[in-house]
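# Observations on chain architecture
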Number of protein chains: 2
Amino acid sequence: MRRENTKEIPLGKIKVGGKNPIWVEAMGRENPAKIRESIREIREAQEEGCEIFRLAVPDEESLFGLSQIKKQVDLPLIADVHFNLELGIKAAQLGIDAVRVNPGTAGNKEKLEELIKVLYDKNLALRIGANTGSLPLHYREKNRVEALFDSVEELISITEKNNFRNIILSAKSTDIEETIAIYDKLSRAFSYPLHVGLTEAGEGEEGIVKSSIALGIILREGIGNNIRVSLTAPDPVSETRVAWSILEALKLRSKGLEIISCPTCARRKGDVVALTRDFKQKVKERKIKIVGKVAIMGCEVNGPGEAREADWGLAFAPRGKALLFSRGERIKMVKQEEAEEELIRLITKEMEEKKP
Amino acid sequence: MRRENTKEIPLGKIKVGGKNPIWVEAMGRENPAKIRESIREIREAQEEGCEIFRLAVPDEESLFGLSQIKKQVDLPLIADVHFNLELGIKAAQLGIDAVRVNPGTAGNKEKLEELIKVLYDKNLALRIGANTGSLPLHYREKNRVEALFDSVEELISITEKNNFRNIILSAKSTDIEETIAIYDKLSRAFSYPLHVGLTEAGEGEEGIVKSSIALGIILREGIGNNIRVSLTAPDPVSETRVAWSILEALKLRSKGLEIISCPTCARRKGDVVALTRDFKQKVKERKIKIVGKVAIMGCEVNGPGEAREADWGLAFAPRGKALLFSRGERIKMVKQEEAEEELIRLITKEMEEKKP
């Protein structure tokens, strides 16, 4: 089932599934017992575009922290519980928006039914999230994709028997092909919204590459209602940024600004790398809300061509000059040292003029 | 036509196309006129896994540099020429392995035929590489995918009329969907090997994400004989590393080591981020050639599961301990501060024992 045809599930102030946007989720690194640090981490992720935040709840102390955090942030919060579902029940009673359980660590059926009852009464959500790293013991002999599927299905059947259907599903593998296969299977079998991710993608560029390929392929097939990028990184900011980059690259969502910039070579007539980095930084710092495509190009080969196709463009030219473009037209030739500010001025001026 | 069924084209000491590996190409930032700097840049890229190196040849000075560089490096070299094909002719005479021309800047047909004659006589290769930033004027009114295709086809017909078939094709757009569409079209129409890339992908994570999605999808469809990742970056090292990450993520090629590491959360019992980074660094510095999958995990939820599936694994445990695994079996519990070296020792010992 394509994403827009899935059920719509309440999650705090938003809804997941159906025609809602593909939400960006991130997970905290801090223990919620550290209240101040957790709140800072959540706000930093939110600043970067995080829309759903998940926190591990490993013990009673973190449960208390969670109740305090909930009062001070306005993002939908999900409590991640393993082994001890009692923590999930209490989190739900304390006002959390959803609980995530893992079929491999969900424990006994009675506790799960108790949790479902609380979620049902308060109209909260349950994410059933399986993972190749923690498959239930009795499925471990199976093919991993089947094991993921069967273990999710087993929990769904319990929730449905209890007449509870506020469910979001996920099943993640560390392997790209397995992840593509399991989401294909889930999307064919169920009408619940899907949370998509590749688990334990790794550190640095490798993690970004793996996640981009897996999520890129799955999202492009029309599958997935919210995403999380699982990078080995010290905070949830970079996973939020990468998640947005994936959605923007696929044109599924947009924060407004798209930058086209060349890799530079011996033909460049100016420092494209420095100007591009600096431009991104300045736009962010000055909170300039650009909607459109900006091309920053090093020379006369692809420069004017790309600059013409973009909403605004800058192409370095010989003799210390740079040419500015706006929607296909050459605007003016400027000195390179003034080019960046001239470009920002041009963009802000034209956006101002366009305002009603 | 799938990659393994394409023609095989000579390129210096290697061949491109057919059943050959998917080669990693990078492009220099330095002007070849700067001989020493260019050689350093080529060697750094080669160290990272670059197998084909392309240099822009904007003028006579860079041509001289090229002839000197060629004597001192052992990678196949491609001269990138625009506007003035005479530079390509001279580069071919000076011993370069291939010339890249762009339909949008190739100039008049007579010069192209002269270039083809030299390439033919010396059994060198020609890459015909179109780009949305520099489409020929007479195609600019067309749909961009058609314009890319038609402009490539026009040059192919000239080379084929001259009975020259050592051709590698590329056609790049800044747009993911256009790039997927044009490579699909090229692979159906021609049996020449394809060089795949998304042009002007951009700077930082955005560039990595865009390239990973586009190349991931195209390569996974069985298309593409060599790749280049066009990142806005100061040197060709990072584009080489990202190209390899893409090929490894898709299991199309392998440098040997795959690392699975968790994103860490409040449940972690040790510093996964630091250990993973440090482990990668140490393995590289000490030139330890690991062949296999290593899992580095923060806790008891997915830790032992992933560690079991990997060839070697480390899962942090409570009370300052870490558990080491080898091919599914628990090896020993160690102190966290000794865990990294213990893991490296375990891996090198077992690899040593496996040697014939």
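Only a predicted model underlies this, so the values are computations on that prediction, with no experimental measurement involved.

### Thoughts on the relation of the copies chain A and chain B
- Between the two copies, chain A and chain B, the superposition gives an RMSD of 0.0 Å; the rotation angle is 180° and the shift along the axis is 0.0 Å. What the superposition gives is, in effect, a two-fold axis relating one chain to the other. Within chain A, the C-alpha atom positioned nearest to the axis of rotation is that of Ile213(A), 2.4 Å from it.
- Here 100% of the interface residues in chain A have copies in chain B that are interface residues too; the copies meet face to matching face.

### What about the interface of chain A and chain B?
- Tallying the contact residues gives 77 residues for chain A and 77 residues for chain B.
- Across the chain A/chain B interface, buried area totals approximately 6,200 Å², and carbon plus sulfur atoms make up 53% of it.
- Ranking the residues of chain A by area buried against chain B places Glu200(A), Glu205(A) and Pro263(A) at the top, with a combined share of 10%.
- Put simply, Glu309(B) and Arg144(A) hold a salt bridge, and the shortest N to O gap is 3.6 Å.
- Summed over the shared surface of chain A and chain B, the result is 35 residue pairs in polar contact (both at pLDDT 80 or more).
- Going through the elements one at a time, helix 6 (176-189), strand 10 (202-203), helix 7 (204-220), strand 12 (231-232), helix 8 (237-249), strand 13 (257-261), helix 9 (272-285) and helix 10 (303-309) of chain A are the ones with two or more residues in the side of chain A that touches chain B.
- Ranked by residues supplied to the side of chain A that touches chain B, first place goes to helix 7 of chain A with ten residues.
- Looking at side-chain class alone, the side of chain A that touches chain B contains 29 nonpolar, 23 polar and 25 charged residues.

### Focus: unusual backbone geometry
- Of note in this structure, Arg319(A) is not a glycine but carries a positive phi near 55°.
- Following the sequence through the fold, Arg319(A) ends up in the loop between strand 15 (312-317) and strand 16 (321-326).
- Phi at Lys251(B) is positive, roughly 55°, even though this residue is not glycine.
- Along the chain, Lys251(B) falls in the loop between helix 8 (237-249) and strand 13 (257-261).

What counts, and at which threshold
- Starting from 1, residues in each chain are numbered consecutively following that chain's sequence as written.
- Chain letters and ligand numbers both follow the written order, the letters beginning at A and the numbers at 1.
- Local features are withheld for residues below a pLDDT of 70 in this predicted model, meaning they are given only at 70 or higher, and side-chain atom pairs are given and counted only at 80 or more; totals for whole chains, interfaces and linings count all residues.
- The basis for every side-chain value is the complete set of heavy atoms in the structure, and neither hydrogens nor water enter the calculation.
- A least-squares superposition brings the copies together, and it is based on the C-alpha atoms of residues with pLDDT no lower than 70 in both.
- When checking whether two residues touch, look at their non-hydrogen atoms; a contact exists if any pair is within 4.5 Å.
- The term buried area refers to how much accessible surface (probe radius 1.4 Å) is lost by two components on association, counted for both of them together.
- A carboxyl oxygen of Asp or Glu within 4 Å of a side-chain nitrogen of Lys or Arg is what we treat as a salt bridge.
- N or O atoms closer than or at 3.5 Å make up a polar contact, with two conditions inside protein: a donor-capable atom paired with an acceptor-capable one, and, for residues adjacent in sequence, both atoms drawn from side chains.
- To qualify as a helix, a DSSP run of H or I must reach at least 4 residues; to qualify as a strand, a run of E must reach at least 2; elements of each kind are numbered from the N terminus.
- In this count, Pro and Cys sit with the nonpolar residues alongside Ala, Val, Leu, Ile, Met, Phe, Trp and Tyr, while Asp, Glu, Lys and Arg are called charged and the others, Gly among them, polar.

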